[in-house]
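Take a look at the letters that make up each chain.
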Amino acid sequence: MTRQPPSTSRRQLLTGTAALALFDALRGGTLAQLVLPGAQAQASTPSAQRRWQNWSGLQQATPANWATPASEAELQQLLRSTKGEVRPAGSGHSFTALVPTHATLVSLDRLSNVVGIDKAAMTVTAQAGMRIGALARALDAQGLALRNQPDVDVQTLAGAISTGTHGTGAQLPALHDDVIALRLVKVDGEVVEVHADQDPQLMAAARVSLGSLGFITQVTMRVVPAFNLARHVWLQPVDSLINEAPKLAARHRHFEFYVLPHTGYAAGIRHDVHTGGDLMLPKPGDEDVLGDLKMLRDWLGRFPKLRRWAAQQAIDPNMTEEARHRSFRLLSSVRPTRFNETEWHLPRERALTCLKEVVAKLESRNEVFFPLEFRFIRRDEAWLSPFHDRDCCSIAVHAAADEAWAYLIDDFTPIFRAHQGRPHWGKLHRLGQADLAKMYPRWADFQAVRRRFDPQGRLLNAHLRQVFDQA
Amino acid sequence: MSVFQEMPLFPLFRSTRLVAGLALVAALAACQERPPEPPTDADVLAADTLRPARPELAATYERSCMACHGVRSAAPLTGHAASWQPRLTQGMDTLLKHTREGLRGMPAMGLCPDCGEQDFRDLITFMSTPR
């Protein structure tokens, strides 16, 4: 077999009434409890009981109706003709149970077009079912770019901003902070336009709202001129890289690192603006490194000292990976290996101390091989943003999708909480209202907006009833 | 052939200092089937410009498939014959099953909840057609 040049890289491193009635009859009548006569919008959905699952396969549901409206008007009609619980689905990249419902699930995948670009105002307006990557390509064709991008770019705009999805960069906020206007369809079908400059309070509630206020159908975001980035990936002993992390974060537009458990090494990744013409597309070695780490675990997992010794003998600390190209081609990547994940956001001043405790706990488990990810995120003002009023670092711990994952919650929640962490809304946690209300100073304000927008709580599934204490 | 078998082993580690057990794994791996030639930068940039002729299918491709099949990734690259050949040998029915149920990094339904079987057939055929 051929071998590629040595490289290290990122996380891989390592459906008329008649039709509905027919569906209902075929399924035993459950839909009759959910849909009023006269519904037309759902006729366009191709099937009824199909199974939905998230990317990792951990979260699954078989909704009575899985609708894919092709327009905001169709969505309005659907909502007006539907009773019972209804949840939006994005791209299925949340590990928490934000999506599952036995009643009505709505995907906005067909609302996926750019509505308009205003180069004077430097904004783009897009339908909220558009995926981040698709928007980035459309922007690039116009000489524009998103300010930052998350690790993967298949999330829908609505899903990404509703869960506080972020990238890395000490001076760069999460995606939702660039949203200046949005259209939201309430569960009763009413359309609400939210503008940051006209109603900053409502916008602060809507930016990170877990799909609990309504269906976001359109988003207007700030954009920047298109730019190239240069990537440099390197290996460094863990303690040494942790010590240098604040300086590296201050110096580089994007900086993050991955701790390679049971090796003593970490992989640093930095991206800076590149103005040269010597472009080179990334050739990520992440999956290769992940395979290496897994094999090391499989062979030597029961002997942690030998495992570490072997890794240190075999790892070449001088290996690097370089790439230089458009920002959207470098900041996000495709993750071939499925995993489950927890991620918490720590106050920046406590994050590295917390990291050391998390790494020690992680390495107390011989089965661990997935790299741990550490990133930087600037503060913002959204009421339910995990970055509300404080600059943060995030610590993400992963487990292969076909392996045990409960320890991601059981082992690390106490450590993260001791350091005033807030959990990522889309990543594994078991917190409920009692804990969350203490973490978010505007919690009560958000709940007041939520009850005003959805007084019957139809947008709450089991998970959100736990989060908002509406059981 | 699994994804892992298609991957080169131990790029993280320098081969001259492998411990004996790890070296044995590497030696065994050397006996495995040769993986397809990976796409070049030119192949990846060419895939950027490829779209199905039918506008509706092109729109679906752009919103659902391109994020993984239009870039350099473990997913077979659109128009890159070498990447698709091992998949095509499995037969269309198998590819459809993998698409519906998900496989490795690919989500179930391929990020297209509104796609029917014919849509999937057309998309697979488009992506696997050599450019």
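Residues numbered from 1 in each chain as written. Chains lettered and ligands numbered in written order. Predicted model: local features only at pLDDT ≥ 70, side-chain atom pairs only at ≥ 80, totals over all residues.

> Please provide a residue-by-residue account of the overall build of chain A, values included.
Counting its regular elements, chain A contains 15 helices and 20 strands. Residues counted as buried form 55% of the 471 residues belonging to chain A. (Helix = DSSP H or I, 4+ residues; strand = E, 2+ residues; numbered from the N terminus. Buried ≥ 20, exposed ≤ 12 C-beta atoms within 10 Å, placed from the backbone.)

> How would you explain the overall build of chain B if you had to name every residue and give the values?
Across its full length, chain B holds 7 helices and 0 strands. Reading the secondary structure of chain B in the N-to-C direction produces α-α-α-α-α-α-α. Of the contacts made within chain B by residues no fewer than 6 positions apart, 67% connect residues no fewer than 24 positions apart. (Contact = placed C-beta atoms within 7 Å.)

> Quick one: what's the story with unusual backbone geometry, residue by residue and with numbers?
Residue and element names in this part refer to chain A. A positive phi angle, near 55 degrees, is found at M122, a position not held by glycine. In this fold, M122 is placed in the loop between strand 6 (114–118) and strand 7 (123–127). In this structure M122 comes out as partly exposed when scored by C-beta crowding, with 13 C-beta atoms within 10 Å. Even without glycine at this site, Q420 takes up a positive phi of about 65 degrees. Tracing the backbone shows Q420 in the loop between helix 12 (413–418) and strand 20 (422–423).

> Can you explain the sheet that holds strand 11 (residues 215–222) of chain A? Please cite residues and give values.
All names here are of chain A. Pairing in this open sheet of 5 strands is antiparallel, and the strands run 6-7-11-9-10 from one edge to the other. Each of the sheet's edge strands pairs with one partner strand only, and the pair in question is strand 6 and strand 10 (191–195). Mean inter-strand twist for the sheet, computed between neighbouring axes without regard to direction, equals 10 degrees. With 4 bridges joining them, strand 6 and strand 7 adopt antiparallel strand pairing. Across the sheet, V114 pairs through a bridge with A126, a residue of strand 7. Relative to strand 9 (residues 179–185), helix 2 (residues 72–80) is tilted by about 45 degrees, and along the sheet it contacts strand 9, strand 10 and strand 11. (Pairing = 2+ DSSP bridges. Axes fitted to C-alpha atoms, helices over the stretch in contact; angles between N-to-C directions.)

> Hey, could you go over the domain arrangement of chain A for me, with residue numbers and the actual values?
Domain annotation for chain A reports domain 1 (17–107), domain 2 (114–225 + 434–464) and domain 3 (228–429). In the side of domain 1 of chain A that touches domain 3 of chain A, the residues fall into 4 nonpolar, 5 polar and no charged. (Domains from an automatic or database assignment. Nonpolar A, V, L, I, M, F, W, Y, C, P; charged D, E, K, R; others polar.)

> So, the nonpolar core: which residues are in play, and what are the values?
All names here are of chain A. Ranked by internal contacts, the top residues of the largest apolar core, which has 150 residues, are V106, L157, V219, A266, L372 and I395. The biggest single contributor to this core is strand 19 (residues 392–400), with 6 residues. Every residue in contact with L157, bar those within four places of it in the chain, is listed here: A126, A128, M130, I132, L135 and V219. (Core = buried A, V, L, I, M, F, W, Y, C linked by C-beta atoms within 7 Å.)

> I'd love a proper account of helix 7 (residues 117–128) of chain B, names of residues and values included.
Residue and element names in this part refer to chain B. Helix length check: helix 7 (12 residues) gives 16 Å between terminal C-alpha atoms against 16 Å at 1.5 Å per residue, within 8%. Those residues of helix 7 that sit buried are F120, L123, I124, F126, M127 and S128. Tucked inside the fold, the buried residues of helix 7 contact helix 4 (55–69), helix 5 (81–88) and helix 6 (92–101). (Expected span 1.5 Å × (residues − 1).)

> Tell me about the environment of A:R452, and please be specific about residues and values.
The residue A:R452 is located in helix 14 (residues 443–453) in this model. For A:R452, a count of 12 C-beta atoms within 10 Å corresponds to the exposed category.

> Lay out the sheet that holds strand 4 (residues 86–89) of chain A in plain terms, naming residues and giving numbers.
Strands pair in a sheet through their backbones, by hydrogen bonds, and they do so in one of two ways: parallel or antiparallel. Residue and element names in this part refer to chain A. As summarised here, the arrangement of the 3 strands in space is 3-5-4, forming an open sheet in which the pairing is parallel. Strand pairing shows two members of the sheet lacking a second neighbour, strand 3 (65–67) and strand 4, which therefore form its edges. Mean inter-strand twist for the sheet, computed between neighbouring axes without regard to direction, equals 25 degrees. As judged from the 4 bridges shared by strand 4 and strand 5 (residues 104–107), these two strands associate in the parallel manner. Bridged to R87 within strand 5 is L105.

> Describe helix 14 of chain A, listing the residues and the values that go with them.
Residues spaced three or four apart along an α-helix point in a common direction, a consequence of the helix completing one turn every 3.6 residues. Residues and elements named next belong to chain A. Regarding helix 14, the residues found buried are F446, R450 and F453. Projected down its long axis, helix 14 carries its buried residues within an arc of 65 degrees, all on one side. Among the exposed residues of helix 14, those pointing more than 90 degrees away from its buried face are A444, A448 and R452. Turning to helix 14, the residues buried within the fold contact helix 5 (200–206). (Arc of directions from axis to C-beta.)

> Break down the packing of helix 4 of chain B against helix 7 of chain B for me, citing the residues and quoting the values.
All names here are of chain B. Closest axis-to-axis distance for the helix 4/helix 7 pair is 11 Å, and the angle between their directions is 60 degrees. With respect to each other, helix 4 and helix 7 are oriented oblique. Crossing handedness for the pair helix 4 and helix 7: right-handed. Side by side, helix 4 and helix 7 meet where L57, T60, Y61, C65 and H69 of the first sit next to D119, D122, L123, F126 and M127 of the second. Residues that form the contact of helix 4 with helix 7 fall into these classes: 6 nonpolar, 2 polar and 2 charged. (Parallel < 35°, antiparallel > 145°, perpendicular 65-115°, else oblique. Left-handed = near helix turned anticlockwise from the far one by under 90°.)

> Quick one: what's the story with the confidence of the model for chain A, residue by residue and with numbers?
Looking at chain A, pLDDT values average 90 and 89% of them are 70 or higher. Note that residues 1–47 of chain A has pLDDT below 50 and, in this model, 130 contacts with residues that lie over four places away or in other chains. (pLDDT = per-residue confidence, 0-100.)

> Now, about the pairing of strand 17 (residues 339–347) of chain A: what can you tell me, with residues and values included?
Residues and elements named next belong to chain A. Buried residues dominate strand 17, accounting for 8 of its 9 residues. The sheet contact formed by strand 17 and strand 19 spans 9 bridges and is antiparallel. Considered in strand 19, the bridge of E341 is made with H398.

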